[in-house]
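Below, each chain spelled out in residue letters.
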Amino acid sequence: MTRNAKLNALLLLAVAALAVLPLALGLGDHKEEPFAGADGEAETAITELEPDYEPWFSPLYEPPSGEIESGLFALQAAVGAGVLAYYFGVRRGRRQGAEQARRQQPVSGTGPDTGSDAGWDTGSDADPGRPGEAVSPGPRA
């Protein structure tokens, strides 16, 4: 088993433990809603400590039921995961493309232009970038 496979298996085991252990150990059994969100817990704590508290803001949209609220939260999480996956995929693709381009480039000093005439135009008098103009080959060393 490779090092990456061992690491992936260990991470998968840790995630499974985080999901199963609270249920197996009975955490939250003494509560009415054992796994309520942090917002609900905070609201309960605030109303116990300060019964006259009035919130500064009200929500822009109040879903009609808890199922719709959970669905919207799951949709938000899925969109966020999609954006992150796209970002990391693009980054990986660029890195792989750069590595592939680097592998395809010839190593300096091994190409066909490494002889004594390297860099000198010995075949024609015209510069390929400017048609019709004659170019002197210049002095040779």
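Quick caveat, the model's predicted, so the values are computed rather than measured.

**Student:** Would you explain the overall build of the chain in this entry?
**Tutor:** When helices and strands are tallied, the chain shows three helices and zero strands. Beginning at the N terminus, the succession of helices and strands in the chain can be written as α-α-α. Expressed as a percentage of its 141 residues, the buried residues of the chain come to 1%. When the accessible surface of the chain is summed, it comes to about 13,200 Å², and 60% of that surface belongs to carbon and sulfur atoms.

**Student:** Explain the packing of aromatic side chains here, please?
**Tutor:** A ring pair, where both rings are aromatic, is described by two values, the distance of the centres and the angle of the planes. Enumeration over the complete set of coordinates arrives at one aromatic pair. Judged by centre distance (5.2 Å) and plane angle (65°), the rings of Tyr87 and Phe88 are edge-to-face. A residue is classified by how much of its surface remains accessible, and Tyr87, at 44% relative accessible area, is partly exposed. Residue Phe88 is classed as partly exposed on the basis of its relative accessible area, which comes to 47%.

**Student:** How do you make sense of a negative patch on the surface when you look at a structure like this?
**Tutor:** Side chains of Asp39, Glu43, Glu62 and Glu69 sit close together on the surface and give a patch of like negative charge. Turning to its location among the elements, Glu69 is positioned in helix 3 (residues 66-104). Overall, the relative accessible area of 48% leaves Glu69 in the partly exposed class.

**Student:** Teacher, can you tell me more about the confidence of the model for the chain here?
**Tutor:** Reading fine detail from the predicted coordinates is not recommended where pLDDT is low. Model confidence for the chain is summarised by a mean pLDDT of 81, while 73% of its residues fall at 70 or above. Of all helices and strands in the chain, the one with the weakest mean pLDDT is helix 2 (residues 38-49) (85), whereas helix 3 scores best (94).

**Student:** Is there a simple way to explain a nonpolar patch on the surface in this structure?
**Tutor:** Together, Leu60, Tyr61, Ile68, Leu72, Leu75, Val79 and Val83 give the surface a local cluster of nonpolar side chains, amounting to about 760 Å² of exposed area. For Val79, the location among the structural elements is in helix 3.

**Student:** Any chance you could explain helix 1 (residues 3-24) here in plain terms?
**Tutor:** Owing to its 3.6 residues per turn, the α-helix aligns residues three or four sequence positions apart on the same side. For helix 1, spanning 22 residues, the distance from its first C-alpha to its last is 31 Å, which sits close to the expected 32 Å at 1.5 Å a residue. The largest bend in helix 1 amounts to roughly 25° and is located at Leu18, with the proline Pro22 lying one to four residues further along. Where helix 1 ends, the next residue or the one after it, Gly26, has phi of about 75°, a positive value.

Thresholds applied
Residue positions within a chain follow its written sequence, with the count starting from 1. Reporting of local features is limited, given that this is a predicted model, to residues whose pLDDT is at least 70; pairs of side-chain atoms are given and counted only at 80 or more, and all residues count toward the totals for whole chains, interfaces and linings. Hydrogens and water molecules were not included; the side-chain quantities draw on all heavy atoms of the structure. Every helix listed is a DSSP run of H or I at least four residues long, and every strand listed is a run of E at least two residues long, numbered separately from the N terminus. Relative accessibility thresholds used throughout: buried, under 20% of the residue-type maximum; exposed, over 50%; partly exposed, between the two (1.4 Å probe, protein chains only). In this description, accessible areas are obtained by the Shrake-Rupley approach with a 1.4 Å probe, and a residue is regarded as covered only by the protein chains that are shown. A pair of Phe, Tyr and Trp rings is counted when the ring centres sit within 6.5 Å of each other, with Trp represented by its six-membered ring. The angle between the planes then sorts it: under 30 degrees is stacked, over 60 is edge-to-face, the rest tilted. Exposure above 30% relative accessible area and the absence of a salt bridge qualify a residue for a patch, where like charges join within 9 Å and nonpolar side chains (Val, Leu, Ile, Met, Phe, Trp, Tyr) within 5 Å. Salt-bridge detection follows one rule: a side-chain nitrogen of Lys or Arg within 4 Å of a carboxyl oxygen of Asp or Glu. We count Lys and Arg on the positive side and Asp and Glu on the negative side, and we leave His and both chain ends out. Here the site of a charge means atom NZ of a Lys, CZ of an Arg, CG of an Asp or CD of a Glu. The score called pLDDT rates the predictor's confidence residue by residue, from a low of 0 to a high of 100. Here the expected length of a helix is defined as 1.5 Å per residue gap, with one fewer gap than residues. At any given residue, the bend is defined as the angle formed between two axes, one fitted to the seven residues that end at that position and one fitted to the seven that begin there.

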